[in-house]
Amino acid sequence: MSWKEEDNKLKKTFEFKDFVEAFGFMSQVAIIAEKMNHHPNWSNVYNTVSFELNTHDAGDVVTEKDHKLANEIDKLTD
C-alpha cells in the first residue's frame, strides 16, 4: 500500500506480527524523525502503526519534508 494524500496529510497504516514488532518499528522511525527534525503525527494500536504527515511550519500542509520522511519510513519495511 502506498501513501495516500488527503486532507492536507500523507496517510499510511502499517501492520506487523505483534505489538513488539510494531513498537520496534516506531523506535526506528523515532530515530529517523529526530535526525530529520520532522516529527510525525502517529498512533499505535497493538500491531498497527498509522501515520498522518504534514508540515506544521508550512501551515499544516504536505511538503517535500513529508515525502522524504515517508520514503525513509518505507525503507524500514522493504
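Given the structure is predicted, the values throughout are model-derived calculations rather than measurements.

Peer 1: Can you tell me about unusual backbone geometry, naming the residues and giving the values?
Peer 2: Positive phi, close to 55°, is recorded for D7, a residue that is not glycine. You can see D7 is positioned in the loop between strand 1 (4–6) and strand 2 (9–15). One non-glycine residue, N37, lies in the positive phi region at around 55°. Examined against the element boundaries, N37 turns out to sit in the loop between helix 1 (19–36) and strand 3 (41–45). Under the relative-accessibility criterion, N37 is labelled exposed at 54%.

Peer 1: Describe helix 2 (residues 64–75), and please don't skip the residues or the numbers.
Peer 2: With twelve residues, helix 2 should reach 16 Å at 1.5 Å per residue; the first-to-last C-alpha distance of 17 Å fits that figure. On its buried face, helix 2 is in contact with strand 2, helix 1 and strand 4 (48–53).

Peer 1: Explain the sheet that holds strand 3 to me, and be specific about the residues and the numbers.
Peer 2: Taken together, the four strands give an open sheet; going across it, the order is 1-2-4-3, and neighbouring strands pair in antiparallel fashion. Of all strands in the sheet, those with a lone pairing partner are strand 1 and strand 3, marking the two edges. On average, adjacent strands in this sheet sit at an angle of 20° to one another, irrespective of strand direction. For strand 1 and strand 2, the ladder comprises three bridges, and the chain directions are antiparallel. The residue of strand 2 that forms the bridge with E5 is L10. Against the sheet, helix 1 makes contact with strand 2, strand 3 and strand 4, and its axis sits at roughly 165° relative to strand 3, the strand it touches most. Strands strand 1, strand 2 and strand 4 of the sheet are contacted by helix 2, whose axis makes an angle of about 10° with strand 2.

Peer 1: Account for the packing of aromatic side chains, naming residues and giving values.
Peer 2: All chains considered together, the criterion is met by eight aromatic pairs. Ring centres 5.1 Å apart and planes at 45° place the aromatic pair F14 and F25 in the tilted group. A residue pair is termed long-range when its members are at least 10 positions apart, and F14 in strand 2 and F25 in helix 1 qualify at eleven residues. A relative accessible area of 6% means that F14 is categorised as buried.

Rules used throughout
Residues numbered from 1 in each chain as written. Predicted model: local features only at pLDDT ≥ 70, side-chain atom pairs only at ≥ 80, totals over all residues. Heavy atoms only, no water. Helix = DSSP H or I, 4+ residues; strand = E, 2+ residues; numbered from the N terminus. Buried < 20%, exposed > 50% of the residue type's maximum accessible area, 1.4 Å probe, protein only. Expected span 1.5 Å × (residues − 1). Contact = heavy atoms within 4.5 Å. Pairing = 2+ DSSP bridges. Axes fitted to C-alpha atoms, helices over the stretch in contact; angles between N-to-C directions. Phe/Tyr/Trp six-rings, centres within 6.5 Å; stacked < 30°, edge-to-face > 60°.

Nothing here speaks to function; it is geometry throughout.
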